[in-house]
Amino acid sequence: MLFSIITPSLNCKDYISANIESVRKQGFGAEELEQRVIDGGSTDGTLDVLRSEAEIEWISEPDKGLADAVNKGIQRAKGDWIIWLNADDALADDGLKTFLRYVHLHPGIRIFCGNQAILRYDGTVEQVVPGWDYNLKDLLGVRTGMNQAATFVHQEVYQKAGLLDVGNRYTMDYEWLVRAMHHYKCVPIPHVLTHYRRRKGSITHAHLTKQYEDFLAIRRRYEKSYFTLGELRIRFYLYTDPLRQIGWLRKFVRVIKRLFGQEPAHPVN
């Protein structure tokens with residue numbers, strides 16, 4: 001089997017059908033691709049949607065958070081390539097076929113990072129974030145951002161680097177990637193492979209400050225200096241967070257950014 005799509009889900013009734021349809025449209029048969037939905041006990045009608053999808057493997061049970069759900073999927077996966085695709089995200093049209101072209105060009109590579117389209121809360125495209133090579137110098141330097149949904153990983157990497165840290169609730173993907181990149185190289189793919197949807201209440205939306213605190217903790221684990229540009233950027237975000245809670249000031253900054261042609265990182269609408 002070529003692909004295992006791992007889809008953690010919790011009360012995503014409004015998005016899960018589009019997710020499943022984006023996987024189905026890739027054009028791969030059941031002998032080549034499986035999708036496993038790991039649901040955390042949804043109560044909003046998500047399970048009714050899953051019951052109607054006969055070809056989807058799914059479970060629904062309490063878990064210890066997002067990392068635990070993804071780990072359950074990885075442990076059950078049969079495919080060579082594992083793709084973590086959250087229930088509110090989607091594969092781009094022909095995303096998997098595009099990916100396979102690069103696998104054939106780089107047969108020894110076990111991690112690829114594609115471009116990722118970021119969708120606003122209303123579903124329109126906010127921006128396209130290019131894939132990059134996830135080198136450790138930048139990951140533990142000035143770049144903590146990763147295209148999680150567009151990061152396609154061979155199962156070999158999980159065997160070598162281990163699973164996600166269930167104790168990490170806010171930066172489990174980044175922490176795992178830093179571990180993995182101590183052993184592997186990543187090749188960027190200059191094509192949109194996935195669509196990432198901003199959703200109010202998601203971990204990214206609701207816990208940005210916690211994420212930045214985790215970034216600092218991970219830097220300490222790898223004994224990175226306090227006196228670097230990356231460190232200063234993280235601390236600047238944390239120290240100025242109280243200002244971002246002032247409604248009128250936040251709106252003013254957004255207006256100024258747009259005047260200079262810069263899209264706010266996390267638009268309200």
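Residues numbered from 1 in each chain as written. Predicted model: local features only at pLDDT ≥ 70, side-chain atom pairs only at ≥ 80, totals over all residues. Heavy atoms only, no water.

Asks: Please clarify how the overall build of the protein chain should be interpreted in this entry.
Replies: Secondary structure summary: the protein chain contains 11 helices and 9 strands in total. Relative to the 2.2 N^0.38 estimate, which gives 18 Å for 269 residues, the radius of gyration of the protein chain is 19 Å and therefore close to what a compact globule would have. In the protein chain, buried positions account for 48% of the 269 residues. For the protein chain, long-range pairs separated by at least 24 residues make up 73% of all intrachain contacts whose partners lie at least 6 apart in sequence. Counting only carbon and sulfur atoms, one obtains 54% of the accessible surface of the protein chain, whose full area is about 13,400 Å². Charged side chains of the protein chain number 36 positive and 33 negative; the gap between the two group centres comes to 7 Å. (Helix = DSSP H or I, 4+ residues; strand = E, 2+ residues; numbered from the N terminus. Rg over C-alpha atoms; globule rule 2.2 N^0.38 Å. Buried < 20%, exposed > 50% of the residue type's maximum accessible area, 1.4 Å probe, protein only. Contact = heavy atoms within 4.5 Å. Areas by Shrake-Rupley, 256 points an atom, 1.4 Å probe, with all protein chains shown as cover. Lys, Arg positive; Asp, Glu negative; His and termini not counted. Charge placed at Lys NZ, Arg CZ, Asp CG, Glu CD.)

Asks: Sorry if this is basic, but what is going on with a nonpolar patch on the surface here?
Replies: A contiguous nonpolar surface patch, about 960 Å² in accessible area, is contributed by Leu243, Ile246, Trp248, Phe252, Val253, Val255, Ile256, Leu259 and Phe260. Ranked by residues supplied to the nonpolar patch, first place goes to helix α11 (residues 247–259) with 6 residues. Among the structural elements, isoleucine 256 can be located in helix α11. Judged by its relative accessible area of 31%, isoleucine 256 is partly exposed. (Patch = residues over 30% accessible without salt bridge, like charges linked within 9 Å, V, L, I, M, F, W, Y side chains within 5 Å. Salt bridge = Lys/Arg side-chain N within 4 Å of Asp/Glu carboxyl O.)

Asks: Is there a simple way to explain the environment of valine 49 in this structure?
Replies: Mapped onto the elements of the fold, valine 49 is located in helix α2 (residues 46–51). For the pair valine 49 and serine 17, spaced 32 residues apart in sequence, the C-alpha to C-alpha distance is 7.1 Å. The contact partners of valine 49, leaving out residues within four places of it in the chain, are Lys13, Ile16 and Ser17.

Asks: I would appreciate a short explanation of the packing of aromatic side chains in the present structure.
Replies: In this description, an aromatic ring pair is defined by two values, namely the gap between the centres and the angle between the planes. Within the structure shown, the criterion is met by 11 aromatic pairs. A ring pair is formed by phenylalanine 99 and phenylalanine 152, whose centres lie 4.9 Å apart and whose planes are at 75°; its orientation type is edge-to-face. Separated by 53 residues along the polypeptide, phenylalanine 99 in helix α4 (residues 95–105) and phenylalanine 152 in strand β8 (residues 151–154) bring together distant segments of the chain. Of the residues examined, phenylalanine 99 reaches a relative accessible area of 0% and is grouped as buried. Measuring from centroid to centroid gives 4.7 Å for tyrosine 158 and tryptophan 176, while their planes differ by 25°, and the two rings are stacked. Linking tyrosine 158 in helix α6 (residues 155–161) with tryptophan 176 in helix α7 (residues 172–180), this pair joins segments that are 18 residues apart in sequence. You'll find tyrosine 158 and tryptophan 176 in the same group, each marked buried. Site record: aromatic cluster; members linked through ring pairs are Phe3, Phe28, Trp81, Phe99, Phe112 and Phe152. Directly above the ring of tyrosine 226 sits arginine 220, whose terminal nitrogen or CZ lies 3.9 Å from the centroid. (Phe/Tyr/Trp six-rings, centres within 6.5 Å; stacked < 30°, edge-to-face > 60°. Lys NZ or Arg CZ within 6 Å of the ring centre and 35° of its normal.)

Asks: What exactly am I supposed to notice about the nonpolar core here?
Replies: Side chains that are nonpolar tend, in soluble globular proteins, to be buried together. Within the largest apolar cluster, 33 residues are counted, with the highest numbers of intra-cluster contacts made by Ile111, Tyr134, Leu139 and Trp176. Elements represented by at least two residues in this core include exactly α3 (66–76), β4 (81–84), β6 (111–119), α6, α7, α9 (208–221) and α10 (229–244). Top contributing element to this core by residue count: α7, with 6 residues. Sequence-distant contacts of tryptophan 176, that is, excluding residues within four places in its chain, are made with Val153, Val157, Tyr158, Ala161, Gly162, Leu163 and Leu164. (Core = buried A, V, L, I, M, F, W, Y, C linked by side-chain atoms within 4.5 Å.)

Asks: What is the right way to read unusual backbone geometry from this model?
Replies: Positioned with a positive phi, asparagine 11 is a non-glycine residue whose angle comes to about 55°. Relative to the helices and strands, asparagine 11 resides in the loop between β1 (3–9) and α1 (13–24). We classify asparagine 11 as partly exposed; its relative accessible area is 33%. Here the phi dihedral of aspartate 94 falls at roughly 60°; this positive angle occurs in a residue that is not glycine. Residue class for aspartate 94 comes out partly exposed when judged on its relative accessible area of 41%.

Asks: So what exactly am I meant to see when it comes to the packing of α9 against α10 here?
Replies: The geometry of α9 relative to α10 is characterised by a closest axis approach of 10 Å and an angle of 145° between their N-to-C directions. Regarding α9 and α10, the two cross each other, and that crossing is left-handed. Contact residues: α9 offers Leu208, Thr209, Tyr212, Glu213, Phe215, Leu216, Arg219 and Arg220, while α10 offers Glu231, Ile234, Arg235, Tyr237, Leu238 and Asp241. Residue classes in the contact of α9 with α10 are distributed as 7 nonpolar, 1 polar and 6 charged. (Axes fitted to C-alpha atoms, helices over the stretch in contact; angles between N-to-C directions. Left-handed = near helix turned anticlockwise from the far one by under 90°. Nonpolar A, V, L, I, M, F, W, Y, C, P; charged D, E, K, R; others polar.)

Asks: How should I be thinking about the pairing of β1 in this particular structure?
Replies: In summary, the side chains of a regular strand alternate between the two faces of the sheet. Extensive coverage of β1 is indicated by the burial of 7 of its 7 residues. With burial as the criterion, each face of β1 is covered, one bearing Phe3, Ile5, Thr7 and Ser9 and the other bearing Ser4, Ile6 and Pro8. As defined by bridge partners, β1 adjoins strand β2 (residues 33–39) across 7 bridges and the pair is classed as parallel. Each residue of the ladder has a partner; that of phenylalanine 3, found in β2, is leucine 33. Following the chain from β1 across α1 to the adjacent parallel β2, one finds a crossover that is right-handed. Inspection of the sheet shows β1 paired to β4 by 4 bridges, in the parallel sense. By the bridge assignment, isoleucine 6 is partnered in β4 with tryptophan 84. (Pairing = 2+ DSSP bridges. Right-handed = clockwise from strand over helix to strand, strands pointing away.)

From the geometry alone we can't say anything about function, so treat these as descriptive.
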